[in-house]
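# Secondary and tertiary structure notes
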Amino acid sequence: MSPAQYWHCFVGIQTREWLRFWQQRTRFASALVRPLLWLVVFAAGFRAVLGISIIPPYDTYITYETYIAPGLCGMIILFNSMQGALSMVYDRELGSMRVLLMSPLPRPFLLVTKLLAMGVVSVGQVYVFLVLALLVDVEPPLWGYLAVLPALVLTSLMLGALGLLIATWIKQLENFAGVMNFVIFPMFFMSSALYPLWRMNEASPWLYWICQFNPFTHAVEAIRFSLYLEWNPMAYGITAAITVVLTLLATAGFRPQRTRILGTKPA
Amino acid sequence: MKALLKHTALAALIGLSAPSLASLAYVSNEKDDTISIIDTETREVVETIDVGARPRGILLSKDHTRLYICASDDDTVQVLDLATRTIIDTLPSGEDPEQFALHPNNKHLYISNEDDAIVTVVDVSSKEVLAQIDVGIEPEGMAVSPDGRWAVNTSETTSMLHWINTETFRIEKNIVVGQRPRHVEFSKDSKIAWASAEIGGTVHIIDVDKLEQIHEMTFKVPGVNQDRVQPVGIELTSDGKYAFVALGPSNHVAVVDAKTYEVLDYLLVGARVWQLDLDKDEKHLYTTNGVSGDVSIIDVDDLKVIKSIKVGRYPWGVVIDPTT
């Protein structure tokens, strides 16, 4: 296989993801409405709540909107990754994933490319969200928008791999509701997305430790620190390590023959 | 890291000049009985000096060699020599001095004595008490107009501004303002005076020639209960563009258009923001945040809070030495 063929395949998968995305423009809107509601409505009530302590990477007191913006960037990626996982189940049931996997290129390459394609779409949405967040005075330094890119891509890869792993377990399309309740919500709420960890620790130490062990916390912190031009090796390191592990597990575990179409008996 | 790089680059630019050239900000810490000294380049506390009990109002002598400190619980005004950073003298102040103001002649210090309902005028060189002027109950804020003509005292309980003629030491006019007036600030041309009323939640703008109120301002900080909006410190830019008003427990500083008296923005700083001072080129405004024990720095061009620095407990006053 030549690099050109790899590239051709890469571009093909990327294009397909964007095409799918373009055909589901309402999905784009809804993916933005959710974090924007959190930012504008939920955060408004807590405006001055965090004005009692300065935590890195911030140099001064911040509004609650400013605090949750990085968490909401993570939320966009989280929902997209899980919806991506759903789409892979859907693809599998309609057989288009099988078509993709019939490609002579190595399966891990195909799957990682698929994850990256999903990630790029998510990152695009995150940037639209960040621009809209300027309207409520969430104003990170200009270079922060560039510095946050690696953290966003890494987060998309990590959550994409997690989605893929879940997709290999899901047998039926309806189980996505379960994914919402058992993956998305716990990951989002039990993280540093909504409250700083010192506050969680004050509320309950065990909740604090759950947050510490939640990979989403570290992804959000990597986004938060890079957005404000600070380097957080721990958050980056943990997110990268978990991304590698999840990708290995997901690519090794993805077996199209395990799947079946609803209502048919397994072969 | 960024600040460090910037500082290093700056140091390289000016040929690694001595750090003593950096401009210094002095902050009185009411509960710690100390003065924190902040280097305005590195934005770090470089030294903390022990002073008398409960330091509140602080001001610089006109030649910027001394810092006068109201040591409220010691019932005295201390004189800190800035070169040696030691207390070299004390002045008679009357009981419980809280705020004071120095006449442009660099000699007459006007001190409000909260418990005695008087204003004491002290000659700082002879240490003589020149006058004790009866004012309203609980005198608090003190200001002298830049042209030296007026000394204004605010009395908290009487809710009045007392206009004292600095030649006769007599009150010539009383102006009723909002409840508990705290602070008075003159425009550089001495034509306009701004007075804050803490409980009234208002700022009163006074025409100094006519000694009449020409405008009354109120504030509404989004998301903050109205009873927490308590104006205290006021600072004006010398170009007449902005007035900054510290809004106490609302934890915000109001940015006011000094010509139209419109509030342009509310900036989030630390808890119970109290007094304000501009640095020498008026690029940065420093605020003392009493309850959170820190000083916030506002970029005046961008109107953004850029940093908050931990100081002692209950920082009260801040002055920046413009010569260093």
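Keep in mind that this is a model prediction, so the values were computed, not measured.

### Considering the overall build of chain B
Helices and strands together make up the secondary structure of chain B, namely one helix and 28 strands. Its C-alpha radius of gyration of 19 Å places chain B within 12% of the 20 Å reference for a compact globule of 324 residues. For chain B, long-range pairs separated by at least 24 residues make up 43% of all intrachain contacts whose partners lie at least 6 apart in sequence.

### A few points about the overall build of chain A
The secondary structure content of chain A amounts to 11 helices and zero strands. Order of helices (α) and strands (β) in chain A, N terminus to C terminus: α-α-α-α-α-α-α-α-α-α-α. Residues classed as buried in chain A amount to 43% of the 267 residues present. Within chain A, contacts between residues at least 6 apart in sequence are counted, and of these 81% link residues at least 24 apart.

### Overview of the sheet that holds strand β9 (residues 108-113) of chain B
All names here are of chain B. With antiparallel pairing, the four strands of this open sheet are ordered in space as β8-β9-β10-β11. The open sheet has two edge strands, β8 (97-102) and β11 (129-134), and neither has a second partner. Ignoring which end each strand starts from, the neighbouring axes of this sheet average 20 degrees apart.

### With respect to the pairing of strand β6 (residues 76-81) of chain B
Residue and element names in this part refer to chain B. Two elements, strand β5 (residues 66-71) and β6, share six bridges in a ladder whose sense is antiparallel. Each residue of the ladder has a partner; that of Arg66, found in β6, is Asp81. In this antiparallel pair of consecutive strands, β5 and β6, the connection spans four residues, and Asp75 shows a positive phi of 50 degrees. Sheet topology note: the β6/strand β7 (residues 86-92) ladder contains six bridges and is antiparallel. Note on β7: the bridge partner recorded for Gln78 is Thr90. In sequence, β6 turns back onto β7 through a hairpin of four residues, with Arg85 there showing a positive phi of about 55 degrees.

### As for the interface of chain B and chain A
With 15 residues of chain B at the contact, the number on the chain A side is 11 residues. Top element by residues in the side of chain B that touches chain A is strand β27 (residues 304-310) of chain B. It accounts for four residues. Class assignment for the residues of the side of chain B that touches chain A results in seven nonpolar, six polar and two charged.

### With respect to the environment of Ala222 of chain A
Residues and elements named next belong to chain A. Tracing the backbone through its elements, the reader meets Ala222 in helix α10 (residues 215-227). The spacing of Ala222 and Val99 is 123 residues in sequence and 36 Å in space, taken between C-alpha atoms. Not counting residues within four places of it along the chain, the set of residues in contact with Ala222 comprises Ala151, Leu154, Thr155, Asn232, Ala235, Tyr236 and Thr239.

### Focus on the confidence of the model for chain A
Model confidence for chain A is summarised by a mean pLDDT of 85, while 89% of its residues fall at 70 or above. Of all the helices and strands in chain A, helix α4 (residues 96-101) of chain A carries the lowest mean pLDDT, 75, while α10 of chain A carries the highest, 96.

Reading the values: the criteria
Residues numbered from 1 in each chain as written. Chains lettered and ligands numbered in written order. Predicted model: local features only at pLDDT ≥ 70, side-chain atom pairs only at ≥ 80, totals over all residues. Helix = DSSP H or I, 4+ residues; strand = E, 2+ residues; numbered from the N terminus. Rg over C-alpha atoms; globule rule 2.2 N^0.38 Å. Contact = placed C-beta atoms within 7 Å. Buried ≥ 20, exposed ≤ 12 C-beta atoms within 10 Å, placed from the backbone. Pairing = 2+ DSSP bridges. Axes fitted to C-alpha atoms, helices over the stretch in contact; angles between N-to-C directions. Nonpolar A, V, L, I, M, F, W, Y, C, P; charged D, E, K, R; others polar. pLDDT = per-residue confidence, 0-100.

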